[in-house]
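# A structural walkthrough
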Amino acid sequence: MDSIDLYRQLLGLAEPWTVQRVEMDIPRLRVDVHLGHAPGARFACPACGCEFSVYDHAAERSWRHLDSCQFQTVLHARAPRVSCPEHGVRQAELPWAEPGGRFTRLFEALAIDVLLATDVKKAATILGMTWDEAWHIMERAVLRGRRTKPSAMPSMIGVDEKAIAKGHRYMTLVCDLEQATVEYIGQDRKQASLEAYFEAFEPEARQALQAISLDMWPPYINACRDKVPGADQKMVFDRFHIMRHVVDAVDTVRKREHKALLDTGDTTLTKSKYLWLYSAENVPEKSRERFNVLKNAQLKTARAWALKESLRELWNYSREGWARRFWQRWYFWATHSRLAPMIDAAKMIARHLPNVLTYFSHRISNAVAEGLNSKIATIQKRACGYRNAENFKIAVYFHCGGLDLWPHRWTHSKVG
Ligand SMILES: [Zn+2]
């Protein structure tokens with residue numbers, strides 16, 4: 001078998017395409033494979049599929065292919081053009097590459113696998129290409145995947161805001177809680193940011209949506225009420241967001257008390273910030289002893305902490321009625337605590353109580369997609385390397401979109 005036959009087989013080329021010439025450049029570790037087609041072959045108009053004889057050929061182009069051993073391998077060909085009476089002079093599709101692509105489909109498929117496994121910079125090094133080239137493959141893969149994704153409304157979604165670029169800009173993310181995929185990313189965290197997601201579906205299609213997990217954020221609440229039929233029965237305020245508000249209140253109590261104590265030279269609360277933010281069972285071993293002393297001391301912060309820890313039980317009830325009775329006791333305790341930040345937090349939750357208690361009908365939270373959140377967090381950390389919000393979107397869709405990213409399989413069928 002000579003090198004022409006070898007490459008014809010390696011490339012899986014079918015009639016009328018064939019390998020015409022193989023040039024090996026040993027010092028540069030490079031193989032150039034020139035492709036051509038049999039004379040008299042007919043090719044299809046890409047618009048209608050009708051076959052015609054060749055009208056002329058486009059200028060020669062090249063495509064990077066999978067390396068042969070360590071030889072960078074580049075395919076060269078002149079694409080045939082056909083003259084269709086209906087669609088004019090068009091370039092026939094080539095079996096090894098997508099229209100406009102600079103890499104063969106097999107190379108893109110490999111590159112996508114590498115990009116999924118690591119960040120763009122490392123992938124570019126492994127693949128022997130520039131950052132921009134690697135990024136472009138990622139971008140094309142997302143566009144391809146979004147184009148072919150079936151557009152059914154998920155039955156349970158989680159809505160979340162994500163800060164990028166050091167907290168100065170926000171994006172709105174909609175996740176499918178069952179598939180653990182990011183379905184949509186919108187600019188900002190406004191009402192319109194979320195409405196745009198719902199508006200992509202016909203009003204009848206939105207009926208399929210059964211439950212929405214979200215934060216107590218008025219623009220999102222308004223978007224759901226305006227666009228989702230029966231939204232008030234479907235919205236569930238995410239328990240982790242609620243607890244975050246309460247944890248923030250505990251921290252405010254601590255800050256104020258610490259300042260007051262320091263004014264009298266008392267350093268009891270110095271360097272205790274994170275101890276109060278942990279859930280009881282997560283306080284690190286090395287700090288347990290100190291924390292046990294602190295939480296039993298006569299401190300406002302200790303009372304706020306006990307309130308926070310107690311509220312976590314709300315979601316453990318199996319019936320809404322029991323949870324409601326627990327809430328009433330907790331609310332009385334919190335509002336009589338004389339701790340202003342805790343009273344504010346309790347009142348905020350009380351204002352939203354109906355959609356806190358819808359939890360007992362749907363039992364959803366944004367944490368269902370736990371793996372998804374940690375993937376997004378990794379992308380957020382790298383986001384400073386992305387030049388803009390658009391790039392953050394591409395990266396999230398690429399890693400978390402549940403998309404079919406790969407080019408269509410290398411076709412061995414007859415072309416034209
Ligand atoms: Zn045509």
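Residues numbered from 1 in each chain as written. Predicted model: local features only at pLDDT ≥ 70, side-chain atom pairs only at ≥ 80, totals over all residues. Heavy atoms only, no water.

## A short note on the overall build of the protein chain
Looking only at helices and strands, the protein chain features 17 helices and 12 strands. Since a compact globule built from 416 residues should have a radius of gyration of about 22 Å, the 30 Å found for the protein chain marks it as more spread out than a globular shape. Expressed as lengths along the three principal axes of its C-alpha atoms, the size of the protein chain is roughly 90 × 55 × 35 Å. The 416 residues of the protein chain split such that 48% are buried. Considering only residue pairs separated by 6 or more positions, the protein chain has 59% of its internal contacts joining residues 24 or more positions apart. Accessible area for the protein chain stands at about 21,500 Å²; split by element, carbon and sulfur atoms hold 51% of it. Distance between charge centroids for the protein chain: 6 Å, based on 59 positive and 48 negative side chains. (Helix = DSSP H or I, 4+ residues; strand = E, 2+ residues; numbered from the N terminus. Rg over C-alpha atoms; globule rule 2.2 N^0.38 Å. Buried < 20%, exposed > 50% of the residue type's maximum accessible area, 1.4 Å probe, protein only. Contact = heavy atoms within 4.5 Å. Areas by Shrake-Rupley, 256 points an atom, 1.4 Å probe, with all protein chains shown as cover. Lys, Arg positive; Asp, Glu negative; His and termini not counted. Charge placed at Lys NZ, Arg CZ, Asp CG, Glu CD.)

## Details of the confidence of the model for the protein chain
Chain-level statistics for the protein chain give a pLDDT mean of 91 and a share of 95% at 70 or above. Segment residues 410–416: pLDDT under 50, and 25 contacts once partners within four positions in sequence are set aside and those in other chains are kept. (pLDDT = per-residue confidence, 0-100.)

## Here's the deal with the packing of helix H8 (residues 239–263) against helix H13 (residues 340–351)
It is the contact of H8 with H13, at a shortest axis distance of 8 Å, that shows an interaxial angle of 165°. Put simply, H8 runs roughly antiparallel to H13. Between H8 and H13 lies a crossing of right-handed hand. Taken together, the residues of H13 that come into contact with H8 (itself represented by Ile242, His245, Val246, Ala249, Val250, Thr252, Val253 and Arg256) are Ala340, Pro341, Met342, Ala345, Met348 and Ile349. (Axes fitted to C-alpha atoms, helices over the stretch in contact; angles between N-to-C directions. Parallel < 35°, antiparallel > 145°, perpendicular 65-115°, else oblique. Left-handed = near helix turned anticlockwise from the far one by under 90°.)

## Remarks on the coordination of the zinc ion
On the protein side, the zinc ion has Cys45 (SG), Cys48 (SG), Cys84 (SG) and His87 (ND1) as donor atoms, found 2.1 to 2.4 Å from it. In this structure, the zinc ion is surrounded by 4 donor atoms whose angles at the metal cover 101 to 116°, and the resulting shape is tetrahedral. One chain supplies every donor for the zinc ion, spaced along it as C-x2-C-x35-C-x2-H. The exposure class of Cys48 is partly exposed, given its relative accessible area of 34%. (Donors = N, O, S within 2.8 Å, 3.2 Å for Na, K, Ca; no water. Tetrahedral: all angles 85-135°; square planar, octahedral: opposite > 155°, others 65-115°.)

## Considerations on the sheet that holds strand S8 (residues 156–164)
Adjacent strands of a sheet form backbone hydrogen bonds with each other and so pair up, either parallel or antiparallel. If you walk across this open sheet you meet the 5 strands as S10-S9-S8-S11-S12, and the pairing is mixed. If you trace the sheet from one side to the other, it starts and ends with strand S10 (181–187) and strand S12 (235–237), each paired once. Each strand axis lies, on average, 25° off the axis of its neighbour in the sheet, ignoring direction. The pairing of strand S11 (residues 211–214) with S12 spans 3 bridges and is classified as parallel. Of the residues in S12, the one forming a bridge with Leu214 is Phe237. Docked against the sheet, helix H17 (residues 389–400) engages S8, strand S9 (169–176) and S10, running at close to 170° with respect to S10. (Pairing = 2+ DSSP bridges.)

## So, the pattern of salt bridges
Taken as a whole and judged by the stated rule, the model has 26 salt bridges. Residues Arg21 and Glu23 are paired through a salt bridge, measuring 2.9 Å at the closest nitrogen-oxygen approach. Overall, the relative accessible area of 42% leaves Arg21 in the partly exposed class. Under the relative-accessibility criterion, Glu23 is labelled partly exposed at 35%. With a shortest N-O distance of 3.5 Å, Asp67 and Arg64 are connected by a salt bridge. On the accessibility criterion, Arg64 (11% relative accessible area) is buried. Each of Glu98, Arg105, Glu108, Arg140 and Arg144 takes part in salt bridges that share partners, so that together they form one network. (Salt bridge = Lys/Arg side-chain N within 4 Å of Asp/Glu carboxyl O.)

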